[in-house]
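Spelled out, the chains give:
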Amino acid sequence: MMRFSLRVCLAIILCINLSILETNAQIPLINNSADIYMQLKKLKVLGSILYIAAHPDDENNTFLPYLAKEKLYRTGYLSLTRGDGGQNLIGSEQGIDLGLIRTQELLAARRQDGAEQFFSRAYEFGFSKNADEALRIWDKEKILSDVVWVIRQYQPDVIIARFPGDARAGHGHHAASSILAQEAFTAAADPKRFPEQLKYGVSTWQAKRLLWNTFNFGGNNTTNNDQFKMDVGGYNPLIGKSYGEIGGEARSMHKSQGEGRPRRRGPFYEYFATLGGDAPKNELTDGVDISWNRLKGADKIPQQIESILQAYQFEHPEKSVDALVELYKNIQQISEKSVWVYKKMEEVKHLIVACSGLFFEATTEEEYAVLGEKMNVNFFINKRNNVNVQLEHIWINNSVNDAFDTLFKSTLPTNGNITFNKVFEVENSKKLSQPYWLANKQDKIGSFNVEDQQLIGQDENKAAYFADFSFSINGVIFTDQKPVQYKYVDPVKGELYQPYIVITPIIVSLTPDVVLTNVTAGNKQIANPKLQLQYKSNFTAKQIPVTIQLLHGSKAVFVKDTLIDFETGKVFAESIAMPSAFHKDQDPNIVAAISTLINSKKHIYTSYLRSIKYDHIPAIHYFFQNNARIISDEVKVRGKKIGYITGAGDKVPDAILQLGYDLQYLHEGDITDEKLKEFDAILLGIRAHNIFDYLSNKNDVLNRYVENGGNLIVQYLKSNQIGLKKIKVGPYPFIVNASSRVTEENAPVRFILPEHPVLNYPNKIEQKDFDDWIQERSTYQAEQVDPHFEMPLSMNDSADKPASGSLAITKYGKGNFAYVSLVLFRQLPAGNPGAYKLLANLIALPQNK
């Protein structure tokens, strides 16, 4: 049996359990009597499963709750990436922002199914067609070390890979996750592999077996009756749901991917092929002792648990408290200090709290803790069941010396509220609330730069502040930790909790993100754009000397000194003309800096606080430097008024405005012959046809708009054929192939129709316009196109044949229709000049005579 130090075991328990407690949940977790009973049953089981795949949504959402709530195994899901490189169906967030959303969606799913969540440092850099590419870009050894680290910490009895390590996996990330799981299965047990990890208190670990959870989806059936199989679709009467129902609810948390699923009922079989160790015959954990017998000195524990279960009263869970306290003491005395001892001690402690009806929290009425300012924390305790409990101490962030004792050292009344508040200072040395994987600059395209070994694998940051509540029951002191949270009442949603985060006194914003300085219409340059600098005060002070600067590299291109009366919540703004003399070969970024002099100390602020808020996940905040990217290349435009139909969410409208167009958003009621004639061009956002059925129904109206001289530009669809349902798009038929894409962002681009207007008017498109693209070239390309279409470009990944479906254009009447699978929606926010020229040319496609 592998052994852990006390310090490491406690750290692992505290870190891992954050994902299944109420930390950062919008509503605290409350245990009812059935929940308590199921957790009592779980005390008997000392078995664990670790499921490994590549992305958020790769996990088997029916299988995980079956493992956690039926078999009562400790269950974890290791997603190698946070889903940063995917596409977003609920908003315009991409890249890092999308990864933050999908991290929280995974945690929301885990709150449904009872599993724990882990991550590696891998960044989802975009679609990858083969495992070799994925492993090369991720840095195979780096990510393999992460998988090994999680295994050594978690100590799973069985490891299950979602995918095989070959082409059947569907794409490169999937296959790579299996390859890493297979290598880690062996490497975790080898002291010569990643020996530096062992100095952090973990030891080598050999899981009993490694399985592949075979599947039948995506037109690929990898299951067969020779494989080990089990029905995971059972019904849990304590929950009142089947595992298919729970799985549907968990899956539906992946809202940014449009993964809403039905609640399934009835039998549901899962199949498993053995990749390592011996094959199971009756149970996944065959050959593993998952009882208390696996620990020395635990002989009496199973009978104690059984007695508690037999005596449990659903209407009076408090009657189990005395026996649970005795159980806790007996587990403490077990001589073998394995990770299971500390895990079960934590479980028993939470059961004692739940059976006692103890509710306690530390909250604030402000969303932010500001460096150098005060924070007011409200404490609330209520013991709702008739149990003899004494409140001993409360302290903040493990500062035992700062424990405060007001009203303490007395027995808590039954169903009586104890409330008080205390003011603390937010020290200037306190770390800002930054997701740990974003704290350091990403030094490689394929992975985050996390230097602290103890952070690797964690789902998210610990709370900025947490309160330790110390209680005494039957002479035993229990300490339980609660995050300090921002608590408020929404007039529609009711009482909610959000993360309480640490921020700077001044937040700096510089917009727009991309600035075009040389847009011309005809021979006339559009007015020189201005930068909008805003800075928000999160503190109050009078007559503070302030220096406002715009920095281009080390050079200040704008400086203003002033005295300001700061007031909490007040926003200050400056409209600044673009500095002249920018050359396209220079660093294209401008940074805003606000310097203050307070109490003879100089402070410089350059960061913006981005907030992402959706109802299904907690609020997300992170800091970044809000640069303005300057494009000094000339971009010629034609036309004036553009209509835009929003799709799944993108930032293309911002680019249209930068080009100087008059932009109007269009909705279903606007799709009429009379209305559409107002516009020189109409653009459809990404996946618009997949979201709005009315676009198919009004395809004839859109076609008449083209026929009468308009330009209709449709950005990519995920598919235009869903089962028997065919999406109507454009005047002539074509097929959108979801597997046809060019994922290498530097793939050569061939001009097969070099004289086509889209490559020449009003901007001459050259090879350099495809330089420095990010993530990919094209996605969901057009195939089997009608002969009326012209395909000006050809491109392909290094292992594929040339394809010309990235841009398909056809004349129709006096106007033009274009299907664009070129990923302009990624390139435009990234400030790629060639993408702006291509967009301008698509809008300006000339009318046909």
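Along each chain, numbering runs from 1 in the same order as the chain's sequence is written. At least 70 in pLDDT is required for a residue's local features to be given in this predicted model, at least 80 for side-chain atom pairs to be given and counted, and no such filter applies to totals for whole chains, interfaces and linings, which use all residues. Only hydrogens and water are set aside; all other atoms, that is, all heavy atoms of the structure, feed into the side-chain values.

Peer 1: Please clarify how the overall build of the protein chain should be interpreted in this entry.
Peer 2: A tally of regular secondary structure across the protein chain gives 18 helices and 47 strands. A globule of 849 residues ought to have a C-alpha radius of gyration of about 29 Å, and the protein chain, at 30 Å, matches this closely. C-alpha atoms of the protein chain, sized along the principal axes, occupy 90 × 75 × 55 Å. Note on exposure labels: buried denotes an accessible area under 20% of the residue type's maximum, exposed denotes more than 50%, and partly exposed covers the range between, all computed with a 1.4 Å probe on protein chains only. When burial is assessed residue by residue, the protein chain has 58% of its 849 residues classed as buried. We call two residues in contact when some of their heavy atoms are within 4.5 Å. Put simply, of all contacts in the protein chain between residues at least 6 apart along the chain, 75% involve residues at least 24 apart. Per element, the accessible surface of the protein chain, about 35,000 Å² overall, is 48% carbon and sulfur. Placing the 94 positive and 96 negative side-chain charges of the protein chain at their respective mean positions leaves the two points 1 Å apart. By the criteria applied, helices consist of DSSP H or I runs no shorter than four residues and strands consist of E runs no shorter than two, each listed in order from the N terminus. In this description the radius of gyration comes from C-alpha coordinates, and the expected globular size is given by 2.2 Å times residues to the power 0.38. The Shrake-Rupley method, run with a 1.4 Å probe, gives the accessible areas here. Residue values count only the displayed protein chains as cover. Working convention for charge: Lys and Arg count positive, Asp and Glu count negative, and His plus the chain ends are omitted. The atom standing in for a charge is NZ when the residue is Lys, CZ when it is Arg, CG when it is Asp and CD when it is Glu.

Peer 1: How should the environment of L496 be read in this particular structure?
Peer 2: Tracing the sequence through the fold places L496 in strand 20 (residues 494-499). Residue L496 is classed as buried on the basis of its relative accessible area of 8%. Spatially, the C-alpha atom of L496 lies 26 Å from that of K430, the residues being 66 residues apart in sequence.

Peer 1: Even after reading the chapter, I still don't get the environment of R193, so can you show me in this structure?
Peer 2: Relative to the elements of secondary structure, R193 occurs in the loop between helix 7 (172-187) and strand 5 (209-214). Residues contacting R193, with those up to four places away along its chain left out, are E141, L144, R152 and A187.

Peer 1: Looking at this structure, how should I read the pairing of strand 5?
Peer 2: Both faces of the sheet carry side chains from a regular strand, because those side chains alternate between them. In terms of burial, strand 5 is a largely internal element, six of the six residues being buried. On strand 5, burial covers both faces: R209, L211 and N213 on one face and L210, W212 and T214 on the other are all buried. Where strand 4 (residues 158-161) meets strand 5, four bridges bridge the pair, whose relative direction is parallel. Opposite I159, over in strand 5, you have L210 as the bridge partner. For the crossover that starts at strand 4, traverses helix 7 and ends in the parallel strand 5, the hand is right-handed. Pairing between two strands is assigned when DSSP locates at least 2 bridges connecting them. A right-handed crossover is one whose linking path, passing over the helix from the first strand to the second, runs clockwise when the strands point away from the viewer.

Peer 1: I'm lost on the packing of aromatic side chains in this one. Help?
Peer 2: Think of it this way: a Phe, Tyr or Trp ring, Trp meaning its six-membered ring, pairs with another when their centres are within 6.5 Å, and the plane angle makes it stacked under 30 degrees, edge-to-face over 60, tilted otherwise. Here the structure, examined in full by the defined rule, presents 41 aromatic pairs. Seen in terms of ring centroids, Y123 and F448 are 5.5 Å apart; in terms of plane orientation they differ by 90°. Their pairing is edge-to-face. Of this pair, Y123 sits in the loop between strand 3 (116-119) and helix 5 (131-138) while F448 is found in the loop between strand 17 (417-425) and strand 18 (466-473), placing the two residues 325 residues apart along the sequence. Using a relative accessible area of 2% as the deciding quantity, one classes F448 as buried. Summarising the aromatic geometry, the rings of F566 and F572 are spaced 5.6 Å apart at their centres and angled 75° between planes, so their arrangement reads as edge-to-face. Aromatic rings pair up to connect Y51, F63, Y77, F228 and F272 into one cluster.

Peer 1: I tried to follow helix 7 on my own but got confused; where do I start?
Peer 2: Take the residue count of a helix, subtract one, and multiply by 1.5 Å to get its expected span. With 16 residues, helix 7 should cover 22 Å at 1.5 Å per step; its first-to-last C-alpha distance of 22 Å lies within 8% of that length. Counting buried positions over the 16 residues of helix 7 gives twelve, a clear majority of the element. Along helix 7, the residues that are buried comprise G172, H173, H174, A175, A176, S177, S178, L180, A181, A184, F185 and A187. Residues of helix 7 that are buried sit in contact with strand 1 (48-53), helix 5, helix 6 (140-154), strand 4, strand 5 and strand 11 (269-277).

Peer 1: Quick question: what am I supposed to make of the sheet that holds strand 29 (residues 571-577) here?
Peer 2: Hydrogen bonds between backbone groups are what pair the strands of a sheet, and the pairing can be parallel or antiparallel. Spatial strand order, 22-26-29: three strands in an open sheet with antiparallel pairing. Of all the strands in the sheet, just strand 22 (506-511) and strand 29 have a single pairing partner and so form its edges. The average undirected angle you get between the axes of adjacent strands in this sheet is 15°. Two elements, strand 26 (residues 530-537) and strand 29, share seven bridges in a ladder whose sense is antiparallel. Angles shown run from 0 to 180 degrees and are taken between the N-to-C directions of axes, each axis being a line fitted to C-alpha atoms and, for helices, limited to the stretch in contact.

Peer 1: I'm lost on the side chain of N703 in this one. Help?
Peer 2: Mapped onto the secondary structure, N703 falls in helix 16 (residues 699-707). Here N703 falls in the buried class, since its relative accessible area comes to 9%. For N703, the residues in contact, after removing those within four places along its chain, are G730, P731 and Y812.

Peer 1: Please explain the confidence of the model for the protein chain as it appears in this structure.
Peer 2: Note that predicted coordinates carrying low pLDDT should not be read in detail. One number per residue, pLDDT, summarises how confident the predictor is, and it ranges from 0 to 100. Here the protein chain averages 91 in pLDDT, while 94% of its residues score no lower than 70. Segment residues 1-25: pLDDT under 50, and 74 contacts once partners within four positions in sequence are set aside and those in other chains are kept.

Peer 1: Please clarify how unusual backbone geometry should be interpreted in this entry.
Peer 2: The phi angle of most residues is negative, glycine excepted, and most peptide bonds adopt the trans form. Along the chain, T511 connects to P512 via a cis peptide bond; the corresponding omega equals -5°. Here the residue pair Y761 and P762 is connected by a cis peptide bond, since its omega of -5° sits within 30 degrees of zero. Residue placement: P762 occurs in the loop between strand 43 (749-751) and strand 44 (781-783). One non-glycine residue with positive phi stands out, namely D139, at about 80°. You can see D139 is positioned in the loop between helix 5 and helix 6. Judged by its relative accessible area of 25%, D139 is partly exposed. Residue N474 is not a glycine yet carries a positive backbone phi of 50°. As for its position among the elements, N474 is in the loop between strand 18 and strand 19 (476-490). A relative accessible area of 41% places N474 in the partly exposed class.

Peer 1: Help me understand the side chain of R162, please; the structure alone is not making it clear to me.
Peer 2: Secondary-structure assignment places R162 in the loop between strand 4 and helix 7. Of note is the side chain of R162, whose polar atom sits 3.1 Å from the side chain of Y51. Nitrogen and oxygen atoms within 3.5 Å of one another constitute a polar contact, given that in protein one can donate a hydrogen and the other can accept it, and given that sequence-neighbouring residues count only through two side-chain atoms. For R162, the side chain forms a polar contact with the main-chain oxygen of N213, separated by 2.9 Å. When near neighbours in sequence (up to four residues on either side) are disregarded, R162 contacts Y51, I52, A53, D58, N60, W212, N213, T214, F215 and F217.

Peer 1: Honestly, the sheet that holds strand 37 (residues 662-665) in this entry has me stumped. Any pointers?
Peer 2: Taken together, the six strands give an open sheet; going across it, the order is 37-36-38-39-47-46, and neighbouring strands pair in mixed fashion. Both edges of this open sheet fall to strand 37 and strand 46 (807-812), since each of them pairs with a single strand only. Going from strand to strand, the sheet's axes swing by 20° on average, the running direction of each strand aside. Bridge count for strand 36 (residues 641-645) against strand 38 (residues 681-684) is four bridges, and the pairing is parallel. Residue pairing across strands places G643 opposite I682, the latter belonging to strand 38.

Peer 1: Is there a simple way to explain the packing of helix 3 (residues 63-70) against helix 8 (residues 243-251) in this structure?
Peer 2: Helix packing for two helices is described by the angle between their axes and how far apart those axes are. Between helix 3 and helix 8, the least distance of the axes is 8 Å, while the angle of their chain directions is 120°. With respect to their mutual orientation, helix 3 and helix 8 come out oblique. Helix-helix and strand crossings are classified by hand; for helix 3 and helix 8 the assignment is right-handed. Contact residues: P65, Y66, K69 and E70 in helix 3; Y243, I246 and G247 in helix 8. When the residues that make up the contact of helix 3 with helix 8 are grouped by side-chain class, the tally is four nonpolar, one polar and two charged. Roughly parallel covers angles under 35 degrees, roughly antiparallel covers those over 145, roughly perpendicular covers 65 to 115, and oblique covers all other angles. In this scheme, a crossing is called left-handed if the near helix is turned counterclockwise away from the far one by less than a right angle; it is called right-handed if the turn is clockwise. Under the convention adopted here, Pro, Cys and the residues Ala, Val, Leu, Ile, Met, Phe, Trp and Tyr are nonpolar, Asp, Glu, Lys and Arg are charged, and Gly plus all remaining residues are polar.

Peer 1: What am I meant to see in the packing of helix 9 (residues 301-311) against helix 10 (residues 321-332) here?
Peer 2: Interaxial distance between helix 9 and helix 10 falls to 10 Å at its minimum, and their mutual angle equals 165°. Put simply, helix 9 runs roughly antiparallel to helix 10. Here helix 9 runs over helix 10; the crossing is left-handed. Across the interface between the two elements, I301, Q304, I305 and I308 of helix 9 pack against A323, L324, E326, L327, N330 and I331 of helix 10. Split into classes, the residues belonging to the contact of helix 9 with helix 10 amount to seven nonpolar, two polar and one charged.

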